[in-house]
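# Overview (structure and organization)
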There are 2 protein chains.
Amino acid sequence: MKHNSTGVLVEELRSWAEQAPAGARLPSTRALVAEHGVSPVTVQKALRQLVSAGLVESRPGVGNFVRALRAPAPQDYSWQTAALGPRSGSRGLASALRSISGNHIDLGSGFPAPELVPDRLVRTALTRAARSRAVVNWPSAEGLPDLRAWFASELAEEMQAGLAPPRENDVLIFPGSQPGLGACFRALVGAGQPLLIESPTYWGAILAAQQSGVQMVPVPISGEGPDPEEVDRAFQRSGARVLYAQPNYTNPTGTQWSAERRSAILDVIRRNGAFLIEDNWARDFDTDSHPQSVAAEDEAGHVVHIRSLTKSVSPAIRVAAVMARGPARERLLAAAQAETIYVSGVLQAAALDVVTQPAWRTHLRGVAQQLRSRRTMLLQALQAHAPQVEVAHVPRGAFHLWVRLPDGVAAEPFAQQLAAAGVGVVPGDELFPAEPTGAHLRLTYAGPAPEKYEEAAQIIGHLLTRWA
Amino acid sequence: MKHNSTGVLVEELRSWAEQAPAGARLPSTRALVAEHGVSPVTVQKALRQLVSAGLVESRPGVGNFVRALRAPAPQDYSWQTAALGPRSGSRGLASALRSISGNHIDLGSGFPAPELVPDRLVRTALTRAARSRAVVNWPSAEGLPDLRAWFASELAEEMQAGLAPPRENDVLIFPGSQPGLGACFRALVGAGQPLLIESPTYWGAILAAQQSGVQMVPVPISGEGPDPEEVDRAFQRSGARVLYAQPNYTNPTGTQWSAERRSAILDVIRRNGAFLIEDNWARDFDTDSHPQSVAAEDEAGHVVHIRSLTKSVSPAIRVAAVMARGPARERLLAAAQAETIYVSGVLQAAALDVVTQPAWRTHLRGVAQQLRSRRTMLLQALQAHAPQVEVAHVPRGAFHLWVRLPDGVAAEPFAQQLAAAGVGVVPGDELFPAEPTGAHLRLTYAGPAPEKYEEAAQIIGHLLTRWA
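Here is what the cut-offs are and how they apply
Residues numbered from 1 in each chain as written. Chains lettered and ligands numbered in written order. Predicted model: local features only at pLDDT ≥ 70, side-chain atom pairs only at ≥ 80, totals over all residues. Heavy atoms only, no water. Helix = DSSP H or I, 4+ residues; strand = E, 2+ residues; numbered from the N terminus. Buried < 20%, exposed > 50% of the residue type's maximum accessible area, 1.4 Å probe, protein only. Contact = heavy atoms within 4.5 Å. Areas by Shrake-Rupley, 256 points an atom, 1.4 Å probe, with all protein chains shown as cover. Lys, Arg positive; Asp, Glu negative; His and termini not counted. Charge placed at Lys NZ, Arg CZ, Asp CG, Glu CD. Least-squares fit on C-alpha atoms with pLDDT ≥ 70 in both. Core = buried A, V, L, I, M, F, W, Y, C linked by side-chain atoms within 4.5 Å. Phe/Tyr/Trp six-rings, centres within 6.5 Å; stacked < 30°, edge-to-face > 60°. Lys NZ or Arg CZ within 6 Å of the ring centre and 35° of its normal. Buried area = accessible area lost by both parts, 1.4 Å probe. Salt bridge = Lys/Arg side-chain N within 4 Å of Asp/Glu carboxyl O. Polar contact = N/O pair within 3.5 Å; in protein donor to acceptor, adjacent residues only side chain to side chain. Nonpolar A, V, L, I, M, F, W, Y, C, P; charged D, E, K, R; others polar.

## Regarding the overall build of chain A
Helices and strands together make up the secondary structure of chain A, namely 16 helices and 15 strands. Taking all 468 residues of chain A together, the buried fraction comes to 60%. The contacts in chain A between residues at least 6 apart in sequence include a share of 74% that link residues at least 24 apart. Put simply, chain A shows about 17,900 Å² of open surface, and 51% of that area lies on carbon and sulfur atoms. Here chain A contributes 44 positively and 44 negatively charged side chains, and the mean placements of these two sets differ by 7 Å.

## Brief notes about the environment of asparagine 272 of chain A
All names here are of chain A. Looking at the secondary structure, you find asparagine 272 in the loop between α10 (259-271) and β8 (275-279). Here the alpha-carbon distance between asparagine 272 and valine 242, two residues 30 residues apart in the chain, equals 9.4 Å. Ignoring anything within four residues of it in the chain, the contact list for asparagine 272 reads Asp232, Phe235, Gln236 and Arg241.

## Observations regarding the relation of the copies chain B and chain A
Turning chain B through 180 degrees and shifting it by 0.0 Å along the axis lays it on chain A, with an RMSD of 0.0 Å. The superposition operator between the copies reduces to a two-fold rotation axis. Among all C-alpha atoms of chain B, that of threonine 127 of chain B lies closest to the rotation axis, at 2.5 Å. With an isologous cut-off of 70% or more, the 100% of interface residues of chain B that recur at the interface of chain A puts this contact in the isologous class.

## Some words on the nonpolar core
Membership of the largest hydrophobic core comes to 111 residues, with the highest contact counts inside it found for Leu126 and Phe151 of chain A together with Leu126 and Phe151 of chain B. Excluding residues that lie within four positions of it along the chain, phenylalanine 151 of chain A makes contacts with Val171, Ile173, Arg307, Leu309, Val319, Ala321 and Met323 of chain A.

## As for the environment of proline 450 of chain A
All names here are of chain A. Positionally, proline 450 belongs in the loop between β15 (440-444) and α16 (453-467). With relative accessibility at 17%, the residue proline 450 sits in the buried group. The sequence separation of proline 450 and alanine 164 amounts to 286 residues, and the corresponding C-alpha distance is 44 Å. Ignoring any residue separated from it by four or fewer positions in sequence, one finds proline 450 in contact with Glu115, Arg374 and Met377.

## A short note on the packing of aromatic side chains
In this structure the tally under the stated criterion is 22 aromatic pairs over all chains. Here tryptophan 138 of chain B and tyrosine 342 of chain B contribute two aromatic rings whose centre-to-centre distance is 5.9 Å and whose plane-to-plane angle is 80 degrees, an arrangement assigned as edge-to-face. With tryptophan 138 of chain B in the loop between α5 (119-130) and α6 (145-158) and tyrosine 342 of chain B in the loop between α12 (327-340) and α13 (345-355), this residue pair connects regions lying 204 residues apart in the sequence. Residues tryptophan 138 of chain B and tyrosine 342 of chain B agree in their burial class; the two are buried. Consider the rings of tyrosine 202 of chain B and tryptophan 203 of chain B, whose centres lie 5.4 Å apart with planes at 50 degrees: the pair is tilted. Considered together, tyrosine 202 of chain B and tryptophan 203 of chain B belong to a single accessibility category, that of buried residues. In this structure an aromatic cluster arises from ring pairing among Phe111 of chain A together with Trp138 and Tyr342 of chain B. Between arginine 318 of chain B and the ring centre of tyrosine 342 of chain A, over which it is positioned, the NZ or CZ distance is 4.5 Å.

## Points about the environment of aspartate 119 of chain A
Residue placement: aspartate 119 of chain A occurs in helix α5 (residues 119-130). Taking the C-alpha atoms as reference points, aspartate 119 of chain A and valine 313 of chain A, 194 residues apart in sequence, are found 8.2 Å from one another. Those residues in contact with aspartate 119 of chain A that lie beyond four places of it in its chain are Val135 and Val136 of chain B.

## Focus on the interface of chain B and chain A
On the chain A side, the residues contacting the 100 residues of chain B number 100 residues. A buried area of about 8,700 Å², summed over both sides, lies between chain B and chain A, and 58% of it is on carbon and sulfur atoms. Here glutamate 339 of chain A makes a salt bridge to arginine 186 of chain B, at a shortest N to O gap of 3.9 Å. Joining chain B to chain A, the criterion identifies 37 residue pairs in polar contact (both at pLDDT 80 or more). Looking at the side of chain B that touches chain A, its residues break down into 53 nonpolar, 27 polar and 20 charged.

Written out as C-alpha cells, the structure is:
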C-alpha cells in the first residue's frame, strides 16, 4: 500500500516537474498531503526519490524546487584509470552472490531459504535485544563476554577430558565469517606469504585470500580430505605456516574428514610448527553425522577455529567467532580492532539469545530433516533426468552437491546455458584456487522451491544431451 | 536477579564439584531446578559457566560430569613465535577503546554517552525491523536500495544546481566506517603505496592504514586545514594519488575547512589526478556551523565520501555509506564483497527508519544544544583550574578539544598519571601518523557525567603544577 502510494505520487510529481520551469517551487508537504490524500511520510519518501533522481532540489528550511535542466552528459571518469592502476585480485561478483530473478530455479545461492531460518526465535531475540542496554552501550573489540563463553563451552563439550578446554578469553567475535577469514589471513599469514588452501574450496575464502594478498598454494581434496603427506610436502616446499580447510562438510565437495584423517593432519600441522584455520561453517547443518572439530583435539594453539551463526541463525545476525590461543589470539585481536573496531551489541545479544533457547535445537533437527529430504529429491531427480552427471560423493552434512560434468562439457558456458534456461548453478571453475581439474557444478539444495528440483534436473539433462 | 541467582548457583555447584571425585555425575537439570528453586534457564547458564571454567564436562544426551582434575599447567605457545614472525603494524589497543572503570572521569572515549543516543527511536526501529523480511532475506553486497538512495539524496541536497548529484548506485553500505576505511585504503591505494594523511588524525584511520599496509605520508594541519601547497608538494614528492582527510570537525583538532580551503584543495586533487577520501564522520554533530562536504563540489568522481551513522544513531547500528563514482566504485564494491559480503539487513532497515523520522532532526538539535553546553563547561573548567593547557581552537562541531600541554610535559606519561588519578584522556602522540610535533591531549566532551568536568580540570591543573 504504502509503497504503491509513494510510487503514484512520485510519478505525478515527476510529470509535473518535467513540465515546470527550472527553479519552480513545489507545493509544501502540507499541501501535497491534502491534495493527494497521502501521509506526510509518503510525501517525504516521494520527494527524496525525486531528489535522488536529480529532478528536484531540496533547500532545507526553504522548500523544494525543480532542478535546472541539464543535458545528462555521461560523466568521464577516465582520469581514474591512471590513479587506480591495473586491477589485481578478484574477478568480480561471485556466482553465489548474483541476484537470482524470480523465475529462476535457484541451485546456485549458498544462502539458506527463508523457510530454513528460525525466524520466530530471531524476531523475538531481536525485539528483546532492542529493549536492552545493547542499544546504547559500546561493546569491546573482543565481543560480549557471555557470547564468547557460549562459543567456548560449545567447543569445550567436544573435547576429551584431559585436554585444556578453550575459555571465553580465547574467543573473538567478528561481524560474520568473511571478516574473520580476512583477519586470519592478514594476521597469521600476511601479504605475499604462502597459504595452503584446499582445492576446490569456498569462494569466500578465495576472495578473502586474494584481498589480503596472500599467495595461495592449492592442496587437492582426495577422497575424504587432503592427503596428509601432500599437505606435509606442500608445507615444506612452500615454507607456508598455515593451512585453511573445512574438515566438516567441505564447501563445495561435501567431504568430512575421518577421525584418522583429522589426527594425521593435525600431526602434520604440529610437526611443521604451523596453524590450521578450521572453517567450521556447517556445524549446525549436520544431517547424517556429527561434526567433529580438529580444534577439539588441540590444546597447544595450532588450530584457529571459525564458527559462524549467519547461515543457521539468520542472514541479519552477522556474528561469527574466531577461536585462537596464545600470540595468535593477540594478532587476531589487533586485526579485529583495526578492521571492524567491534560488532553490534544488539546482534551479539540476539545471537546468544537464539542459541541458548531450547527451541534452537528443535529447529536444527527440523532443518536437518528438511535437508535430508531435499538431498534425496535432488539426487533422485538427477538420477532420473540427468544421468550424465556424476555425483561422486553424497554429503553427510550441509547442502551442496558437487557434480562432475561429462568430458567435453565446459562448466562456465554450460552454467550460462542453464541460467538462460532458468536454472541458477555455480560453475565449479571459480571454486578452484588454481586451474580447475575437471568440469563441475555446485548444486545447492538449501534454496527456495525444492519442488522444482525435478524440472531443474530435466533441464540439465536436456541441455547435456544437446551439448553432446 | 537472574544474574545473581546464576552466580549463586555457580558458586554452590563449584564447591560441590571441587569436592566430588572426577567423573561424578551432576544432578539433572530438573533436580537442580527443584533443589535450588531457580529456572531451567538459570541452571543451563550456570552449567555453561562451569563447563567454560573447565570444571564440568557436558556429554549431550548423557549428562554433566565433574572433569578429571588436572594440574592447570600453563600452556606453552612459544612455537607460535616462529610461525608468526616479527610483529608489524599496530601498537595494540588504542586509548580511545580501552575500557574505562566506573570511578573514572571519562574524557578519553570517543563514543557518545547513552544520553546522547536517540534510544527510543532506535528501539522502535529495531523492533519494526525485527518483524520485517530483513530477518530472512540476504541483502546485496551494495546494500539496501532505499538506504543508499537516502544517503545519496542527503549529499545531493548539499550540491549546487548544475552539478550531477550522486545516485543510489554511487553508494555502498559498510558495517561501520572502519571497514569502509580499510576497503578504501586497499582498493584505492594498495599495500606499499603512499597515502597522504592529515596529521594529527583519527586513530582508527591510522590503524586501518597500518593494517592495509599503505605507506602513510603525513601532511600537517595548519590553521584551518592542510595547506593546499603543502598537499600539492606531498603529492608530487611521494607519487601518492590519494589524500585522506576530515574537512569537517577534524578528529582530534576540531578544524573545519573554509569554502576557500575546500575549493583550493579540490583543485590540487584534480590537478594531481587524485582522490580525496573525505571522512565526514561528524556530519550529525554540527553545533555552530553547517558541515560542508567537499564531495558536494565534485561530480567527476574525485571525492570518495564516507558517512557513518554509528556515533549519531546508536553503537548497535553499525552502518556507514561509502560514496564513489566510476571505476573507483567498482573497486570498492569488489572490496566490500571480499571483506564483508554484506551488512545485516536488520541494521540497514533500522538505520533508514531512524534517519527518516521527523524526531531524528529534533534529537540532533537537542544533542547540538547539549554539546554546546558541555563544551562551555569544559572550557571554563580548564580556564579556571588548568590555565597551563592551551586551547588553540574552539571546535564548531563534534566533541573533541585538542589541548597543548606546557613545554617539558610528555603526553603519554602525563596521561598515565591522569588515569591513575581517575581521569581518562587520549594522549596526543598516538594520533600522529609520525612523531608528534608537541605534547597534546584529546579531551572529549561527549562522555558520561559532564558535571565532573570541573573536578577533572582541577586534577589536570594540579598534576601540571606538580610536574613543573
